[in-house]
Amino acid sequence: MKTAANTSFGPPGRANDRPVRGWRDRVFSAASFFFVSVFIVFVLVLIVADVLYIDSQAVLTALTSRFVLGALWMSVWTSSLSTLLALLFAVPMGYALSRFRFPGRFLADAVVDLPIVFPPLVVGLTLLVFFSQTALGRWIQDDLGIEFIFQPKGIVLCQFVAAASFAIRSAKTAFDDVDLRFENVALTLGCMQWGSFCRVSLPLARNGIIAGGILTWARAMGLFGPLIIFVGTAGGVRVLSTTIFLEQSVGNLEVALAIALLLILVALIAVTGIRLVGGSAMVKL
Amino acid sequence: MIRTEKIIFQVGQFELKRLSIEIAAGEYFILLGPPGSGKTVFLECLCGLKRLKSGRIYIDGRDVTNLEPRLRNIGYVPQDYALFPHLSVEQNISFGLRVRGRSQDEVAETADMLGIKQLLSRSIAGLSGGEKQRVALARALVLQPKILLLDEPVCALDEVTRQEVCSQLLAIQRKLGLTTIHVSHNLEEAFSVADRAGLLHHGVMQQVGPMDELVNEPNSEFVARFMRRDKHSEIPKS
C-alpha cells in the first residue's frame, strides 16, 4: 500500500530512516528529482521517436541481414576485448598513479586524460599517421607483420586508445578511495605489497573498476569516428556504428535506425548485466 | 624488548628527532602527547611502515631497522582499527593466518578470549565501536606477536566501555606477556594501565618514567602542563 512517506521525494532508505524534513527540504528534493525526470524522459523520447519512425520491415531487414549480424558480432567482441585490454592496463596504472610518487606523475596523470579530450577523429588520424608514416609503425606493420590498418585488430586498437582512459581514471579514483591504512595493516599481518594489493585494495576498489569497465565498453561499442579513418567500412571490419553510417548514407534511414536501436538494446542488456553481476547496489557510475 | 637508537624520521615539516627509548620485555608502555606530536608516526616506524632517515630499531636485541613489516612479528592496532570492510569478522581475524598459510584453529580461541565469539559471522559494518576494537585486537593477537602496538585503541569509546576495555587490555597483556606500546592522550587511561609512560612533543621525547614521576617530577614546563590536566590540578602553575 502506498503511503505519504514512501511516495514522497527524498533520500533512499526506509521511510522511518529518513530525517524529519521541512518544506524547503522537500522543494530541494523535488528540484533534484525534476532534473532526473527531465533527462530520463528526454532520452526515452528520443528512443521512442526512433521506434515510431521505423516499421517492422526495417526491423526484420536489420535482424536478418548477414551484414548487420556480422557487424553486431564484430562490435561485441572487439569492444569486449578492448575493454579487457583497457582493464589490464587500468588496474596497475590506476594503482600506480594513486599510490606512488614519482617524477613526472602529474604529467602522466594528464596524459592519461588526453584521449578523452581528443576529438575521436583525431585518434584515428593519429593511429593512421603512426602506422603508415613512422619507422616504428611501419616496422610493426611490415616487419613484425602485426597489421592494424583496415584490420579487425585496428578496431580493437582504436577502441582501446579512445576508451582506456575511462577505465584508468575510474581505477585511479577507486584506489584513491581505499584508505592506505588498510594496506598498511595488511603488511603488518604478513602480506607483501602484492598480497595487500590482491587481498585488500583490489577487492575494495572493485566497484569503481567495474564502473570504469562499463564506461569503457560503452564508449568502445559506440565508437565511430576513428574507425572510419583507421579501419574503413569494408565487409570484414564493419561494426554496428559504421553499418549505421553506411545504411543512412545510401538512404536506408529506417534500417539505420533499426540497427541503432539494436545497438542501444545490446548496450542496455550488457550494462544492466554487468551491474547485476558486479552488485547493482554497489556499482557507482 | 624494544630499543630505538637515535631514530630520525622526516615528513614535510615534521621530524622525529633522534628518538631513543628502551621498553622492557613484558612492559606496558603508554606513549602520551598532544595531537601532531608524532605518536602515530613513531608506531609506524616501529612497524616498518615508515622508512627511517637514520637510527636503528632493535626488537629483542635483533636489528629490524630494514626488515619488512611482515617479518617483524608486531601486532598493530591502528587508530579507528582499519578493519577490512569487505570481509566478515571471522575473515578479518583469520586474515594474517591465511596470508601465512597457517591453521585457523586459533581464531575461535582468540575470539573467545576477547568475548567476541558470537560476532564471528557478522559483517564489520554492523559492529559497535567496542566490538570493532575487540575484533581489531583479535586480528593482531591471533598471530601471537611478541609486541603489541595500540594507536589510541579506546579513544572512540564511551567512558564506561573505555575503562572496561582498558582493564581487558591490561589483563591480556599480562596473560600473554606482551611488550605493549599504547598511544593515548588521556591521562586516566594512562594511569589505569601504564607501567611506564613517555611524553612526546614536536617529535622529541620529553620525559620517560612511571606515571607518578611524570606527574610529580616533571622535567620541563611542558611536561608539567601536560600532566597536570584533568585530575592532577595540584601541580603548581609554572
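Residues numbered from 1 in each chain as written. Chains lettered and ligands numbered in written order. Predicted model: local features only at pLDDT ≥ 70, side-chain atom pairs only at ≥ 80, totals over all residues. Heavy atoms only, no water.

Colleague: Is there a simple way to think about the domain arrangement of chain B in this case?
Modeller: The extent of an interface is frequently quoted as the accessible surface area lost upon association of the parts. All names here are of chain B. Domain assignment breaks chain B into domain 1 (1–73 + 146–238) and domain 2 (78–144). Centre-to-centre, using C-alpha coordinates, domain 1 lies 24 Å away from domain 2. Contacts between domain 1 and domain 2 engage 21 residues on the former and 15 residues on the latter. Summing both sides of the interface, domain 1 and domain 2 together bury roughly 1,300 Å²; the carbon and sulfur share of this comes to 56%. (Domains from an automatic or database assignment. Contact = heavy atoms within 4.5 Å. Buried area = accessible area lost by both parts, 1.4 Å probe.)

Colleague: Is there a simple way to explain the sheet that holds strand β9 (residues 196–201) of chain B in this structure?
Modeller: In a beta sheet, neighbouring strands pair by backbone hydrogen bonds and run either parallel or antiparallel. Residue and element names in this part refer to chain B. If you trace the six strands from one edge of the open sheet to the other, you get β6-β7-β8-β3-β9-β10, paired in mixed fashion. Looking at strand neighbours, the two that pair on one side only are β6 (74–77) and β10 (204–209), the edges of this open sheet. Looking at each pair of strands side by side, their axes are set apart by 15° on average, direction ignored. Its contacts with the sheet put helix α1 (residues 39–47) on β3 (28–32), β6, β7 (147–151), β8 (179–183) and β9, and the angle it makes with β7 is roughly 150°. Packing against the sheet, helix α5 (residues 159–176) makes contact with β3, β7 and β8, and its axis sits at approximately 135° to β3. (Pairing = 2+ DSSP bridges. Helix = DSSP H or I, 4+ residues; strand = E, 2+ residues; numbered from the N terminus. Axes fitted to C-alpha atoms, helices over the stretch in contact; angles between N-to-C directions.)

Colleague: Mind showing me how you'd approach the side chain of T243(A) here?
Modeller: Residue and element names in this part refer to chain A. Following the sequence through the fold, T243 ends up in helix α12 (residues 240–249). A polar contact of 2.7 Å, which involves the side chain of T243, links it to the backbone oxygen of V239. Once you skip the residues sitting within four places of it in the chain, T243 turns out to touch V68, A71, R238 and I259. (Polar contact = N/O pair within 3.5 Å; in protein donor to acceptor, adjacent residues only side chain to side chain.)

Colleague: Would you mind showing me how to read the packing of aromatic side chains here?
Modeller: For any pair of aromatic rings, the description rests on two quantities: the centre-to-centre distance and the angle between the ring planes. For the structure on display, the rule yields 14 aromatic pairs over all chains. With a centroid separation of 5.2 Å and 50° between ring planes, the pair formed by F224(A) and F245(A) is classed as tilted. Here the residue F224(A) occupies a position in the loop between α10 (193–221) and α11 (225–230), and F245(A) occupies one in helix α12, the gap between them amounting to 21 residues. Through a chain of ring-to-ring contacts, the aromatic side chains of Y95(A), F100(A), F175(A), W194(A) and F197(A) assemble into a single cluster. One Lys or Arg, R105(A), reaches over the ring of F106(A) and ends 5.0 Å from the middle of that ring. For the cation-ring pair, R139(B) lies above F84(B), with the distance from its terminal atom to the ring centre recorded as 4.7 Å. (Phe/Tyr/Trp six-rings, centres within 6.5 Å; stacked < 30°, edge-to-face > 60°. Lys NZ or Arg CZ within 6 Å of the ring centre and 35° of its normal.)

Colleague: Explain the nonpolar core here, please?
Modeller: Proteins that are soluble and globular tend to have nonpolar side chains buried together. Among the nonpolar cores identified, the biggest contains 74 residues, and L32(B), F84(B), I93(B), L137(B) and M227(B) are the most heavily contacted of them. The next biggest cluster of nonpolar side chains, apart from the first, holds 31 residues, and it includes L31(B), L49(B), L52(B) and I59(B). (Core = buried A, V, L, I, M, F, W, Y, C linked by side-chain atoms within 4.5 Å. Buried < 20%, exposed > 50% of the residue type's maximum accessible area, 1.4 Å probe, protein only.)

Colleague: Help me out: how do you make sense of the pairing of β8(B) in this one?
Modeller: Looking along a regular strand, one sees side chains alternate from face to face of the sheet. All names here are of chain B. Counting buried residues in β8 gives five out of five residues, a clear majority hidden from the surface. As judged from the four bridges shared by β3 and β8, these two strands associate in the parallel manner. Residue pairing in the sheet places F29 in a bridge with I181 of β8. Alignment of β7 against β8, held across five bridges, turns out to be parallel. Pairing of I147 across the sheet is with T179, part of β8. For the handedness criterion, the β-α-β arrangement of β7, α5 and β8 is classed as right-handed. (Right-handed = clockwise from strand over helix to strand, strands pointing away.)

Colleague: Which parts of the structure should I look at to understand the side chain of T179(B)?
Modeller: All names here are of chain B. By the secondary structure assignment, T179 is in strand β8. The exposure class assigned to T179 is buried, which follows from its relative accessible area of 3%. Only 3.0 Å separates the side chain of T179 from the backbone nitrogen of G26, close enough to count as a polar contact. For T179, the residues in contact, after removing those within four places along its chain, are M1, I2, I23, A24, A25, G26, E27, K146, I147 and L148.

Colleague: Just checking my understanding: could you explain the sheet that holds strand β2 (residues 14–23) of chain B for this structure?
Modeller: All names here are of chain B. The four strands are arranged β2-β1-β4-β5 in an open sheet whose pairing can be described as antiparallel. Pairing within the sheet leaves two strands with one partner each, and these edge strands are β2 and β5 (62–63). Two strands pair when backbone bridges link them, and strand β1 (residues 2–11) and β2 are joined in this way by seven bridges, in the antiparallel orientation. Within β2, the residue paired with I2 across the bridge is I23.

Colleague: What is the right way to look at the interface of chain B and chain A in this model?
Modeller: At the interface, 23 residues of chain B touch 15 residues of chain A. Carbon and sulfur atoms make up 70% of the surface buried where chain B meets chain A, a total of about 1,700 Å² over both sides. Counting every contact that joins chain B to chain A gives four residue pairs in polar contact (both at pLDDT 80 or more). Taken together, the elements giving at least two residues each to the side of chain B that touches chain A come down to β6 and α2 (89–99) of chain B. A per-element tally of the side of chain B that touches chain A places α2(B) first, with four residues. For the side of chain B that touches chain A, the per-class residue count stands at 14 nonpolar, three polar and six charged. (Nonpolar A, V, L, I, M, F, W, Y, C, P; charged D, E, K, R; others polar.)

Colleague: Looking at this structure, I do not really get the packing of helix α4 (residues 129–141) of chain B against α5(B). What am I missing?
Modeller: For any two helices packed against each other, one specifies the inter-axial angle together with the distance between the axes. All names here are of chain B. The geometry of α4 relative to α5 is characterised by a closest axis approach of 11 Å and an angle of 15° between their N-to-C directions. As summarised for this structure, α4 and α5 are arranged roughly parallel, according to the angle between their axes. Crossing geometry of α4 relative to α5 is assigned as right-handed. Across the interface between the two elements, G130, Q133, R134, L137 and L141 of α4 pack against T161, E164, V165, Q168, L169, I172 and L176 of α5. Of the residues contributing to the contact of α4 with α5, the split by class is six nonpolar, four polar and two charged. (Parallel < 35°, antiparallel > 145°, perpendicular 65-115°, else oblique. Left-handed = near helix turned anticlockwise from the far one by under 90°.)

Colleague: Where do I start with the pattern of salt bridges in this structure?
Modeller: Where charged atoms from two side chains of opposite charge come close, those side chains can pair. Inspection of every chain in the model, using the stated rule, returns 17 salt bridges over all chains. Where R99(A) meets E183(A), a salt bridge forms, and the shortest distance between an N and an O atom there is 2.8 Å. With a gap of 84 residues between them, R99(A) in helix α4 (residues 66–99) and E183(A) in helix α9 (residues 180–188) connect regions that are remote in the sequence. Neither residue differs from the other here; R99(A) and E183(A) are each classed as buried. When the shortest N-O distance is used, the salt bridge between K50(B) and E44(B) registers 3.4 Å. The class of E44(B) is buried, set by a relative accessible area of 12%. (Salt bridge = Lys/Arg side-chain N within 4 Å of Asp/Glu carboxyl O.)

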